[in-house]
Amino acid sequence: MEKLLEIKDLYVNYNTDESVVHALNGFSLDIYKGETLGLVGETGAGKTTMCLSVLRLLPEQVGEIVSGEIKYRDLDILKASNDQMRELRGAEVSMIFQDPMTSLNPIMTVGDQIKEVLDLHYPKMDEREKGKRVDDILSLVGIMPERKDQYPHQFSGGMKQRVVIAMALVSEPKLMLADEPTTALDVTIQAQILALMKELKVKFDSAMVLVTHDLGIVAKFCDSVAVTYAGAIEESGTIEQVFTRKENHPYTTGLFHCIPDLTSKAPRLTPIPGYMPDPRSLPKGCKFADRCTKCKDKCREMEPHMHEVEPGHFIKCWFSSEGSEEK
Amino acid sequence: MLKYTLKRILLLVPVVIGITFLVYLVLSVSPGDPARMMLPEDATEAIVAAKREELGLNDPIVVQYLRYMGNAIQGNFGTSWYQGFDVLSEFSHRLPYTLTLATIATLVAVLIGIPAGVYSAVRHNHMPDYIITFFSLLLSAAPTFWLGMMYQLLFSLRLGWLPASGASNWKCFVLPVVSLAGGMLAGNSRMTRTWLLDIIRSDYVRTARAKGNKETVVIFKHALRNALLPVITQIGVGFSNIVGGSLVAENVYAFPGIGSFLSSAVKSKDIPIVVGCIVVVSIIVGITNLIVDLLYAVVDPRVQLGK
Amino acid sequence: MNAETNAASLRKEGKKRKKGQIHMIVLRFRKNKLAMIGLFVLVILMVTCLSAPLWLNYRLVTRQKIVDAYQAPSSAHLFGTDQFGRDLFARIIYGGQISLFAGLITVFIAFLLGVALGGAAGYFGGTVDNVIMRFCDILMSVPGVLLSMCIVAALGQGLVKMLIALSVAQIPRQARTVRAAVMTLRGQEFVEAARSCGSSNTRILLRHMLPNVLGPIIIGVMQGLGGTILSIASLGFLGIGIAPPTPEWGTIISENQNSLMYYPYLGIIPGLFIVVAVLSLNFIGDGLRDALDPKQKN
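Everything in this summary refers to the structure shown in the same document. Within each chain, residue numbers correspond to sequence positions counted from 1 in written order. A letter from A marks each chain and a number from 1 marks each ligand, given out in the order of writing. Per-residue local features of the predicted model are confined to residues with pLDDT of at least 70, and side-chain atom pairs are confined, for both listing and counting, to 80 or more; whole-chain, interface and lining totals are unaffected and use all residues. Each side-chain value is worked out from all heavy atoms of the structure, with water and hydrogens disregarded.

**Description of the overall build of chain C**
Stage number 1. Think of it this way: any DSSP run of H or I at least four residues long counts as a helix, any run of E at least two long counts as a strand, and we number them from the N terminus. For chain C, the count of helices and strands is 12 helices and 0 strands.
Stage number 2. Going from N to C terminus, chain C has its helices and strands arranged as α-α-α-α-α-α-α-α-α-α-α-α.
Stage number 3. With the principal axes as the frame, chain C shows a C-alpha extent of 85 × 40 × 35 Å.
Stage number 4. For chain C, the residues scored as buried account for 47% of the 298 residues in total.
Stage number 5. In what follows, a contact means two residues having at least one pair of non-hydrogen atoms within 4.5 Å. Considering only contacts in chain C between residues 6 or more positions apart, those separated by 24 or more positions represent 72%.
Stage number 6. Roughly 14400 Å² of accessible area belongs to chain C as shown, and the carbon and sulfur atoms make up 65% of that amount.
Stage number 7. Counted as positive: Lys and Arg. Counted as negative: Asp and Glu, with His and the chain ends omitted from the count. For this purpose, a charge sits on NZ of Lys, CZ of Arg, CG of Asp or CD of Glu. For chain C, the distance from the average position of its 28 positive side-chain charges to the average position of its 14 negative side-chain charges is 7 Å. Partly exposed residues are those whose accessible area sits between 20% and 50% of the maximum for their type, while under 20% is buried and over 50% is exposed, using a 1.4 Å probe and protein chains only. With residues, only the protein chains shown are counted as cover, and all accessible areas are computed by Shrake-Rupley using a 1.4 Å probe.

Following this line, the structure appears as structure tokens:
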């Protein structure tokens, strides 16, 4: 399979007046063509930062990529020129933002906002063809094309998210970064939107990173999954490998205990005790050590590396099967 | 839109009535007998009484006011108590000067203030930003009449480039316009800067970047148009302030607008002139606010007129 | 733990947090260099003007000595003398008492009435809101300076009359700010919560709402203060502010208008005092806005 995106050992900081926030700490991830990867983690784990880094859209003067490597196909994103980045954004890689309420320009019609992507990336296409493409993508996401002359405030939240998705898909990108696309929506609409995205993804044969904190969504819509914690991946593998629960990172196990399971007889959910470490001053060893039930002295002194417990299934823990053998 | 415009113009009527009545009321109950002040000092009591009767000062205030407004609607704003001229005809000479001055000053404030604010925001925390911010702060802290005097001192008296007073040709307008525009120009530039900086960090501007737009397009097409909305809403207030400033600054330049004779009317309590001035200015300000609101509705699709 | 101690500890916690908040605001304000410079300059200006009777003879303000007319600034007359030989420095310092403190009092009156009117309008809504706001519309339908001029025309000249004239022109602005702030708060849960606990209207307004709308009000007051000082100067310049011979910065400029050609310092210096005072107030206002509303910052 062709590797589409490769992130290697990425470190990203947010520099504020008061302190330095370490948002990504050695984040590595590969995405293959046609794959749907679920990126799971708590708020503040660095999921959004990762998406913004790929498009180099981190807030100016505040967000800083300290080290690491991001490669999209053959393009080294961190060394690419601004023009190269502009050609990439919206055409090859597009992003679906978290909050549909604020992600649309309030004084442009939705049709114009979608068409702008075509204007930018298909300058030779004639106006009628562009109009048709806008109509088509609107019908695909379930909005009547006649509504393209309306403004964002005339749409409901779910409808706005459909517009945002239409905007991200109109250029048929190879890679979609969907940053919690359904968090701001009702549960009933969530499923609709996700099903729609999956359908469109298959139709355009693109890869997708689906950022979410909901393991249920991952199980239903993704091929593979990566669990983030404090700015790094703790476990990654296919859905089957991770969800069979044969062997998991203690954090992933903790996450599973937080999902209500109707088949089990457990009387109540067990939350993971404690909080994620303060990203302004991270601990030395394993970032999860403070909340981990298996924590030993070694965990607090040295950060574990990734261990491949079975082909394609990686866990970053001293006590993973391959890791413990090494010991 | 037409319906809304008509409705707003109708709504202007009670406001004009309200403000004129208020002013009429405070002017009438205040101490001092205009009849006595108008007559020579040695006038007998009988003559004063006759004068009072002639002016209608013996009627209740409400009657006086209604009579005044009845005449005003027919285009008769009365005659000045002390100078004897017809108020309306005097206004028709003077008002165009004040209005021209205020309109040009507002245009200058908008056309220079907004670009200055944009430039300041784009070069945020660099030298041009500091320079523009410095001058904006200075201009908004200086009294208009004092600025006028300083310009006059420098450009007329010292350098001799521009006339110091009068309104005989276009050159006479330059200094009054510059001194009047200063405050609003500073306000526009600071407001544009603040909002642009705020909106540049908004989600939809990030969306515009994520589409692959050039930074200039992001700023001018997506951010600036949104940043100008709050600036537009302030144009009405700015214009009103400029008219107010003009009433003061005209005295510096001996400019033949309504300001220069209003201040003497205020001192002598010449009610017809003062109330007439209030009527005229409140109508002008009201119409300007209406135009600004209509403009706003055109620019911002979220605004629905009449709601 | 029983409910009572629980509530007590919560209250303590709340107090601690409030203290922390004020502490944060002070910290943020102190970090703002311009605001600190503004505060410093303003305090010096106020102390100098207010303490003038202790070290500067008031007779200097009014004493006319024609032989001393138009003296250039020197050690005897720091800012020189005017056409009547009066000492400009003494006039400016004593004039500052009027300009600065009349401004403060005006804004304070406008603030009290503005909070009352705006708070009532925003909180009760409906007819109360309509009446108050239409009244404000009427007052705002002409420029503030014109309104003040009319009131002065009616009442006559004098300090108190000028204060009334300027306050009336200020009230609608303050009332609108307060109303807008109260309106946004009215629908929020903590107000509902207070009401459901049986708090009276006055209690809700003063205890729950006022602390939360203080930010925009303080910013409005600071902006109003700068504007009022400019208005006082304008009225003084037109000769309808304070009756002479009491000095005031605007009147001083106006008195010297005809001497400006040959003795420009007579107009420049008092004007600079106005600029410096208003600039300091604007700096403090901006600093307070940034400190009270950290969202606005970066």
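Moving on from the coordinates now.
**Regarding helix H4 (residues 127–140) of chain A**
Residue and element names in this part refer to chain A.
Stage number 1. By this rule the span expected of a helix is its residue count minus one, scaled by 1.5 Å. With 14 residues, H4 should cover 20 Å at 1.5 Å per step; its first-to-last C-alpha distance of 20 Å lies within 8% of that length.
Stage number 2. Within H4, the full set of buried residues consists of Lys130, Gly131, Arg133, Val134, Ile137 and Leu138. End-on view of H4: buried residues confined to an arc of 160°, all on one side of the axis.
Stage number 3. Buried residues belonging to H4 abut helix H3 (110–121), helix H5 (157–169) and helix H6 (187–204). The arc under discussion is defined with respect to the helix axis, by the directions toward the C-beta atoms.

**Looking at the interface of chain B and chain A**
Stage number 1. Contacts between the two partners involve 20 residues from chain B, matched on the other side by 24 residues from chain A.
Stage number 2. Throughout, the accessible surface (probe 1.4 Å) given up by two parts as they are put together, summed over both, is called the buried area. For the pair chain B and chain A, the summed buried surface comes to about 2200 Å²; carbon and sulfur atoms form 58% of the total.
Stage number 3. On the chain B side of the interface with chain A, the three residues burying the most area are Arg206, Lys211 and Pro301 of chain B, jointly 29% of the side's total.
Stage number 4. Here, a salt bridge means any Lys or Arg side-chain nitrogen found within 4 Å of an Asp or Glu carboxyl oxygen. Run the count over chain B and chain A and you get 3 salt bridges.
Stage number 5. Across the pair Lys211 of chain B and Glu116 of chain A runs a salt bridge, and its minimum N-O distance is 2.7 Å.

**Digging into the side chain of Arg133 of chain A**
Residues and elements named next belong to chain A.
Stage number 1. If you trace the backbone, Arg133 turns up in helix H4.
Stage number 2. The buried charged residue Arg133 lacks any salt bridge partner; its closest oppositely charged side chain belongs to Glu172, at an N-O distance of 4.3 Å.
Stage number 3. Not counting chain neighbours up to four residues away, the residues in contact with Arg133 comprise Leu118, Tyr122, Met125, Val170, Ser171 and Glu172.

**Observations regarding the sheet that holds strand S4 (residues 63–72) of chain A**
Residue and element names in this part refer to chain A.
Stage number 1. Reading across the sheet, the 4 strands line up as S2-S1-S4-S5 and stay open at both edges, with antiparallel pairing between neighbours. A single partner strand is all that each edge strand has here, and the edge strands are strand S2 (20–32) and strand S5 (75–76).
Stage number 2. Two strands are counted as paired when DSSP detects at least two bridges linking them. Relative to S5, S4 runs antiparallel, the two being bridged by 2 bridges. Bridge pairing in S5 places Lys71 opposite Asp76.
Stage number 3. The angle between two axes is taken between their N-to-C directions and runs from 0 to 180 degrees, where each axis is a line fitted to C-alpha atoms and a helix contributes only its stretch in contact. Against the sheet, helix H1 (residues 47–54) engages strand S1 (3–15), S2 and S4, with an angle of about 115° to S1.

**Some words on helix H5 (residues 87–122) of chain B**
Stage number 1. The end-to-end C-alpha distance of H5 of chain B, which contains 36 residues, comes to 50 Å, matching closely the 52 Å that a straight helix rising 1.5 Å per residue would cover.
Stage number 2. Along H5 of chain B, the helix axis deviates most sharply at Arg94 of chain B, where the bend reaches about 35°; the proline Pro96 of chain B sits within four residues downstream. The bend at a residue is defined as the angle formed between two axes, one fitted to the seven residues ending at that residue and one fitted to the seven starting there.

**Quick notes on the sheet that holds strand S10 (residues 232–238) of chain A**
Residue and element names in this part refer to chain A.
Stage number 1. The sheet built from 8 strands is open, its strands ordered S6-S7-S8-S3-S9-S10-S12-S11 with mixed pairing. With one partner strand each, in any of the chains shown, strand S6 (93–96) and strand S11 (307–310) form the two edges of the open sheet. Taken over all neighbouring pairs, the strand axes of this sheet differ in orientation by 20° on average, direction set aside.
Stage number 2. Strand direction decides the pairing type here: strand S9 (residues 224–229) and S10, joined by 6 bridges, are antiparallel. Bridge assignment links Ser224 to a residue of S10, and that residue is Thr238.
Stage number 3. Set on the sheet, H1 makes contact with strand S3 (36–40), S6, strand S7 (175–179), strand S8 (207–212) and S9; between it and S7 the angle comes to about 145°.

**Some words on the pattern of salt bridges**
Residue and element names in this part refer to chain B.
Stage number 1. By the definition in use, this model includes 36 salt bridges over all chains.
Stage number 2. Ionic pairing is found between Asp129 and Arg193, a salt bridge with its closest N-O pair at 2.8 Å. Of the two residues, Asp129 is situated in helix H6 (residues 127–141) and Arg193 in helix H8 (residues 171–200); the sequence distance between them amounts to 64 residues.
Stage number 3. A relative accessible area of 1% places Asp129 in the buried class.

**Here we look at the environment of Ala45 of chain A**
Residues and elements named next belong to chain A.
Stage number 1. By the secondary structure assignment, Ala45 is in the loop between S3 and H1.
Stage number 2. Classification of Ala45 by relative accessible area gives buried; the value is 0%.
Stage number 3. Residues Ala45 and Leu24, spaced 21 residues apart in sequence, show a C-alpha to C-alpha distance of 8.0 Å.
Stage number 4. When sequence neighbours within four positions are dropped, the list of residues in contact with Ala45 reads Ala23, Thr228, Tyr229, Ala230, Gly231 and Met276.

**So, the nonpolar core**
Most often, soluble globular proteins have nonpolar side chains that are buried together.
Stage number 1. Definition of nonpolar core: a set of buried residues of the types Ala, Val, Leu, Ile, Met, Phe, Trp, Tyr and Cys, connected through side-chain atoms within 4.5 Å. Ranked by size, the top nonpolar core spans 170 residues in total, and within it Phe145 of chain B together with Trp249 of chain C carry the most contacts.
Stage number 2. Ranked by size, the runner-up nonpolar core spans 55 residues in total, among them Ile114, Met197, Val218 and Cys299 of chain A.

**Side note on the pairing of S8 of chain A**
All names here are of chain A.
Stage number 1. Counting buried positions along S8 yields 6 of 6 residues, so the element is predominantly enclosed.
Stage number 2. The two faces of S8 match: Ala207, Val209 and Val211 on one face and Met208, Leu210 and Thr212 on the other face are all buried.
Stage number 3. Pairing analysis gives 5 bridges linking S3 to S8, with the strands arranged parallel. Bridged to Gly38 within S8 is Leu210.
Stage number 4. In the classification by handedness, the crossover that spans S7, the intervening H6 and the parallel S8 is right-handed. Whether a crossover is right-handed comes down to one check: with the strands pointing away from the viewer, does the path from the first strand over the helix to the second run clockwise; if it does, it is right-handed.

**Remarks on the state of the cysteines**
All names here are of chain A.
Stage number 1. Note on terminology: pairs of cysteine sulfur atoms within 2.5 Å are recorded as disulfides. As enumerated under the stated definition, the model contains 0 disulfides over all chains in all.
Stage number 2. Note on Cys292: no disulfide assigned, nearest cysteine sulfur contributed by Cys317 at a separation of 6.0 Å.
Stage number 3. Looking at Cys317, the relative accessible area reads 9%, which means it is buried.

**A word on the interface of chain C and chain B**
Accessible area lost during the coming together of the parts is what is often quoted as the interface size.
Stage number 1. Listed by partner, the interface residues are 40 residues for chain C and 42 residues for chain B.
Stage number 2. For the pair chain C and chain B, the two sides together bury roughly 3700 Å², of which 77% comes from carbon and sulfur.
Stage number 3. Where chain C touches chain B, the interface holds 1 salt bridge.
Stage number 4. Across the pair Asp286 of chain C and Arg190 of chain B runs a salt bridge, and its minimum N-O distance is 3.2 Å.
Stage number 5. If you list the elements that add at least two residues to the side of chain C that touches chain B, you get helix H6 (126–140), helix H7 (144–155), helix H10 (201–238), helix H11 (249–255) and helix H12 (265–292) of chain C.
Stage number 6. With 11 residues, the single largest contributor to the side of chain C that touches chain B is H12 of chain C.
Stage number 7. Just so you know the grouping, Ala, Val, Leu, Ile, Met, Phe, Trp, Tyr, Cys and Pro go in nonpolar, Asp, Glu, Lys and Arg go in charged, and all remaining residues, Gly too, go in polar. Across the side of chain C that touches chain B, the residue classes break down as 28 nonpolar, 10 polar and 2 charged.

**Notes on the packing of H6 of chain B against H12 of chain C**
Stage number 1. It is the contact of H6 of chain B with H12 of chain C, at a shortest axis distance of 8 Å, that shows an interaxial angle of 120°. Taken together, the axes of H6 of chain B and H12 of chain C are oblique relative to one another. Crossing of H6 of chain B over H12 of chain C shows right-handed handedness. Contacts between H6 of chain B and H12 of chain C involve Leu137, Leu138, Ser140 and Ala141 of chain B from the former and Ile274, Val275, Val278, Leu279, Asn282, Phe283 and Asp286 of chain C from the latter. These descriptions rest on fixed angle ranges, namely under 35 degrees for roughly parallel, over 145 for roughly antiparallel, 65 to 115 for roughly perpendicular, and the rest for oblique. For any pair of crossing helices, the crossing counts as left-handed if the nearer helix is rotated counterclockwise from the farther one by less than a right angle, and right-handed if it is rotated clockwise.

**Quick word on the packing of aromatic side chains**
Stage number 1. Pairing of aromatic rings covers Phe, Tyr and the six-membered ring of Trp, with a centre-to-centre limit of 6.5 Å; geometry is then stacked below 30 degrees between planes, edge-to-face above 60, and tilted otherwise. All chains considered together, the criterion is met by 20 aromatic pairs over all chains.
Stage number 2. Taken together, a centroid distance of 4.9 Å and an interplanar angle of 70° make the contact between Phe21 of chain B and Tyr65 of chain B edge-to-face. Pair noted here: Phe21 of chain B is in helix H1 (residues 2–29) and Tyr65 of chain B is in helix H4 (residues 61–73), with a separation of 44 residues, a long-range link.
Stage number 3. With centroids separated by 6.3 Å and ring planes inclined at 45°, the aromatic side chains of Trp55 of chain C and Phe89 of chain C adopt a geometry described as tilted. Of this pair, Trp55 of chain C sits in helix H3 (residues 52–55) while Phe89 of chain C sits in helix H5 (residues 88–124), and the two are 34 residues apart along the sequence.
Stage number 4. The class of Trp55 of chain C is partly exposed, set by a relative accessible area of 42%.

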